[in-house]
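Reading the structure
Chain by chain, the residues:
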Amino acid sequence: MRGIYTPVTKIRRQVFAEIAKFGYEGGDYSVIEELPYKIIPGQTPSYRDSIFVERAIVGERLRLAMGFDLRNVEEHAPISKGIEENAVDQKQFNLPLVNVIPFACNACDETAFFVTDNCQGCLAHPCVAVCPVSAVSMEGGRSVIDKDKCIKCGRCQDACPYSAIIKRERPCAAACGVDAIESDELGRAKINYDKCVSCGQCLVNCPFAAIADKSQIFQLSRALSTQRKKVVAEIAPSFVGQFGPLATPEKVIAALKELGFCDVYEVASGADLCAINEAEEFLKEVPKELSFMGTSCCPAWSMLAKKHFPDVKDHLSMTLTPMVLTARIIKREHPDAQVAFIGPCAAKKLEAHRKSVRSDVDYVITFEELMGMFAARNIDFGALETEPQQEQVKVTAQGRGFAAGGGVAQAVMNVIKETHPEKEFLVDYAHGLKDCRKLLTLAKAGKRDGYLLEGMACPGGCVGGAGTLQPIHKATASVQKFAGEAPQNATENEYAKLGIKE
Amino acid sequence: MRQKVKVTICACSNCMNTGASEIAHAIENLSEIEGLLHEGQEIQIVTKRFAEQAPHSDICPVIAVEDKVFERATAAQITTAIIEILKEEV
């Protein structure tokens, strides 16, 4: 539902803005108990049976936005439970990242086909003829589906000339590319964390706002407010165009400084290094050591390989991700600073939680969460003064192009073409977890030998991440335009040649 | 019929956070609805900060269709207003 402002969007963004404001202002923690009344005012419910349930759900969302665990619904606890330990200016994070708020879930039916009133009881009734298990019959002048026999192949739906047969799916389950959405004993959605790769697409697609991920905006806002330590922002290439028409890249950088960040780096610089390293790795490993190589930068794609395709998990590049490479550049230049990654991605929060990355990246927030911080601080993009950005690291069109589907493989390919023009190889892409699964299935079967494979868990690549604000096609166009303004190609990146790789 | 409608959208962070950007998409999408706009008709979208409304976090998003200012605007409200103006005889 990207690009459509719904009550779900409204509540989610209000929660982020209020928590960011609370983080900046600090003060009496009991104020948090009043926020559900501010976000859901009045005496009558708008969307559910009871206004008390609506406020209780907002209470859980507020907790998740502060990085806390959900409360146990069977025990009394204030929203602020645990706030003393967590109201600090450093990251607080416990698994799981993505959570279903059980009493917000509509307990939607699992996938099923239904015959609607559009059925005309036609003479042809092709729905009956095409069903391979005789689950469809004509009763009382209309088509009927026997749910016990139905194998959900959808042939009846395709054959109906009146579009009278519909498929109803749980939106969260339909969006999940790894079948991680199951049901609890009350029929409500439950995430199987053994399967989940934390891409966040379920939370984007739940129309009841029953799924949310934990945020770090509270602790980040505290850090920016106290200024106990300097905080440097690293912003992912898909940021362009996310914050509205007045928020040009220069204005976004100025706005980040207004929020309290001492400096801002484009993650595109780390993306350039990533492309160079992956190209070297590909040339060295494929086909001698590895039959194919997958890119490394999408954490949900990497997790998909580890959890669902363990036989080929070692075929993914070992190169550090652009987030980590950029963080290391920053920590080298600002050794005392904390680093906040700002991007489109929910799964990056988990990547930053890995033991090997914790010391590099201190906070991860999404564009949507950043928008809440901008709103909390009343940032006025129109009035912001921009100054010429000091160029910390030169970035290339390819580095900026990582954000759109196909961009990573293109960047690696360009490096190889530049350095080893004689090298012949093939490239394949997959965007969206379902397609990523298909691609890895083919690769595992030996049908992608010699290939460089780009996998992106979100539709359209990072521009379709769970934490983005703009429709994918618009975001892609903005990324491509901004990439076109970058001056160099990857192998001319002087900074990369000057030793950052070391 | 009117040939042009001017829509002014406040692009401050509070308006963007409360749906101004999505309303802009809804307006842009009007041209894709077959038969809705007649040949030569144009919807001009202008983005700016509504300085006279500052600060206005409690009435966001603020959007004007020609001279009429909508507070707490919704996509349906704005697109309906645009279509009504485009139908006006001049």
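Residue numbers here run from 1 along each chain, matching the order of that chain's written sequence. As they are written, the chains are lettered A onward and the ligands numbered 1 onward, keeping that order. For this predicted model, a pLDDT threshold of at least 70 governs which residues receive local features, and a threshold of 80 or more governs which side-chain atom pairs are given and counted, while totals over whole chains, interfaces and linings are taken from all residues. Excluding hydrogens and water, the side-chain values take into account all heavy atoms of the structure.

A run of H or I in DSSP counts as a helix once it spans at least four residues, and a run of E counts as a strand once it spans at least two, with each numbered from the N terminus. The helix and strand tally for chain A stands at 20 helices and 15 strands. Counting only C-alpha atoms, chain A reaches 80 × 65 × 40 Å along its principal axes. Relative to its 502 residues, chain A shows a buried fraction of 57%. Only the protein chains shown count as cover for residues, with accessible areas throughout obtained via the Shrake-Rupley method and a probe of 1.4 Å. By element, 50% of the accessible surface of chain A is carried by carbon and sulfur atoms, the whole surface being about 21,700 Å². The charge count includes Lys and Arg as positive and Asp and Glu as negative, but it does not include His or the ends of the chains. Just so you know, the charge point we use is NZ for Lys, CZ for Arg, CG for Asp and CD for Glu. Within chain A, the 63 negative side-chain charges are centred at a point lying 2 Å from the centre of the 59 positive side-chain charges. Burial here depends on accessible area, computed with a 1.4 Å probe over protein chains only, as a share of the maximum for the residue type. Under 20% is buried, over 50% is exposed, and the range in between is partly exposed.

Moving on, we come to the packing of aromatic side chains. Any pair of aromatic rings gets described here by the distance separating the centres and the angle formed by the planes. Residue and element names in this part refer to chain A. Stacked, tilted and edge-to-face are the three classes applied to pairs of Phe, Tyr and Trp rings, where Trp contributes its six-membered ring and a pair requires centres within 6.5 Å; stacked means planes under 30 degrees apart, edge-to-face means over 60, and tilted covers the rest. Enumeration over the complete set of coordinates arrives at seven aromatic pairs over all chains. On the basis of an interplanar angle of 85° and a centroid distance of 5.3 Å, the ring pair of Phe 243 and Phe 374 is categorised as edge-to-face. Of this pair, Phe 243 sits in the loop between strand 9 (231-235) and helix 10 (249-259) while Phe 374 sits in helix 15 (residues 367-376); the two residues are 131 residues apart in sequence, bridging distant segments of the chain. As far as the burial class goes, Phe 243 and Phe 374 line up, both buried. Here the aromatic residues Phe 243, Phe 367, Phe 374 and Phe 381 are joined through ring pairs into a cluster of three or more.

Attention shifts here to the layout of surface pockets. Cavity and pocket criteria rest on a 1 Å grid covering protein atoms alone: a 1.4 Å probe that fits but cannot get out defines a cavity, protein on both sides within 12 Å along at least 5 of 7 lines defines an open pocket, and an atom within 4 Å of a point defines a lining residue. Grid points are joined across faces, edges and corners, and a volume is the space filled by probe spheres set on the points. There is about 1,000 Å³ of room inside the largest pocket. Of all the elements in the fold, those that place two or more residues in the lining of the largest pocket are helix 1 (7-25), helix 2 (35-39), helix 3 (51-65) and helix 15 of chain A together with helix 1 (13-17) and helix 2 (20-30) of chain B. Under the scheme applied, nonpolar residues are Ala, Val, Leu, Ile, Met, Phe, Trp, Tyr, Cys and Pro; charged residues are Asp, Glu, Lys and Arg; polar residues are all the others, including Gly. For the lining of the largest pocket, the class distribution of residues is 18 nonpolar, 13 polar and nine charged.

What follows covers the sheet that holds strand 4 (residues 68-70) of chain B. All names here are of chain B. At least two DSSP bridges between two strands are required for those strands to pair. Spatially, 2-1-3-4 is the arrangement adopted by the four strands of the open sheet, whose pairing is mixed. The open sheet has two free edges, formed respectively by strand 2 (42-48) and strand 4, since each of these has just one partner strand. The mean inter-strand angle of the sheet, taken between neighbouring strand axes irrespective of direction, is 20°. Each axis is a line fitted through C-alpha atoms, taken for helices only over the stretch in contact, and angles between the N-to-C directions span 0 to 180 degrees.

Attention now moves to the environment of Ala 279 of chain A. Residues and elements named next belong to chain A. Assignment of secondary structure puts Ala 279 in helix 11 (residues 268-285). Classification of Ala 279 as buried rests on a relative accessible area of 1%. Between the C-alpha atom of Ala 279 and that of Val 252, which follows or precedes it by 27 residues, the distance is 32 Å. We call two residues in contact when some of their heavy atoms are within 4.5 Å. With residues near it in sequence (within four places) discarded, Ala 279 still touches Val 412, Val 415 and Ile 416.

With that settled, the discussion passes to empty space enclosed by the protein. Residues and elements named next belong to chain A. Enumeration over the complete set of coordinates arrives at eight cavities of 30 Å³ or more. The volume enclosed by the largest cavity comes to roughly 280 Å³. Lining the largest cavity are 25 residues; nearest its centre among them are Cys 297, Cys 298, Pro 344, Lys 348 and Cys 462. Listing elements by their share of the lining of the largest cavity, those giving two or more residues are helix 12 (299-308), helix 13 (322-333) and helix 14 (347-351). When its volume is computed, the second largest cavity comes out at roughly 170 Å³. As for the second largest cavity, its lining consists of 16 residues, of which Met 1, Arg 2, Thr 9, Arg 12 and Val 204 are closest to the centre.

A separate point is the environment of Val 58 of chain A. All names here are of chain A. The topology assignment puts Val 58 in helix 3. With relative accessibility at 1%, the residue Val 58 sits in the buried group. In contact with Val 58, not counting residues within four places along its chain, are Ile 11, Val 15, Pro 36, Ile 39 and Ile 40.

Expected span of a helix: the number of residues minus one, times 1.5 Å. For helix 13 of chain A, spanning twelve residues, the distance from its first C-alpha to its last is 17 Å, which sits close to the expected 16 Å at 1.5 Å a residue. Within the span of helix 13 of chain A, buried status applies to Pro 322, Met 323, Val 324, Leu 325, Thr 326, Ala 327, Ile 329 and Ile 330 of chain A.

The packing of two helices is summarised by the inter-axis angle and the distance between the axes. Residues and elements named next belong to chain A. At a closest axis distance of 11 Å, the pairing of helix 12 and helix 18 (residues 433-444) adopts a crossing angle of 45°. In this view, helix 12 runs oblique relative to helix 18, as classed from their interaxial angle. In this structure, helix 12 crosses over helix 18, and the sense of that crossing is right-handed. On the side of helix 12, the interface is formed by Ala 300, Trp 301, Leu 304 and Ala 305, while helix 18 contributes Leu 433, Cys 436, Arg 437, Leu 439 and Leu 440. For the contact of helix 12 with helix 18, a count of residues per class yields eight nonpolar, no polar and one charged. Small angles under 35 degrees read as roughly parallel and large ones over 145 as roughly antiparallel, with 65 to 115 read as roughly perpendicular and the rest as oblique. For a crossing to be left-handed, the near helix must be turned anticlockwise from the far one by less than a right angle; the clockwise case is right-handed.

Moving on to the sheet that holds strand 11 (residues 293-294) of chain A. Residue and element names in this part refer to chain A. Strand order in the open sheet formed by three strands is 11-15-14, with parallel pairing between adjacent strands. Whereas interior strands pair on both sides, the edge strands pair on one side only; in this sheet they are strand 11 and strand 14 (426-431). Here strand 11 pairs with strand 15 (residues 451-456) via two bridges, running parallel. Paired with Gly 294 across the two strands is Leu 453, which belongs to strand 15. The sheet contacts of helix 18 involve strand 14 and strand 15, and relative to strand 14 the element is tilted by about 145°.

With that settled, the discussion passes to the pattern of salt bridges. The rule for a salt bridge is simple: a side-chain nitrogen of Lys or Arg has to be within 4 Å of a carboxyl oxygen of Asp or Glu. Inspection of the entire model under this criterion finds 24 salt bridges over all chains. Close ionic contact of Arg 13 of chain A with Glu 22 of chain B constitutes a salt bridge, the shortest N to O distance being 2.7 Å. Taken together, the residues span two chains, with Arg 13 of chain A in helix 1 and Glu 22 of chain B in helix 2. For the pair shown, Arg 13 of chain A and Glu 22 of chain B are each scored as buried. Through salt bridges with shared partners, a single ionic network connects Arg 12, Arg 13 and Glu 368 of chain A together with Glu 22 of chain B.

So, about the pairing of strand 13 (residues 363-366) of chain A. Residue and element names in this part refer to chain A. Across the two faces of strand 13 the burial is the same, with Tyr 363 and Ile 365 and Val 364 and Thr 366 all buried. Across four bridges, the pairing between strand 12 (residues 338-343) and strand 13 is parallel. Directly across from Ile 342, in strand 13, lies its bridge partner Ile 365.

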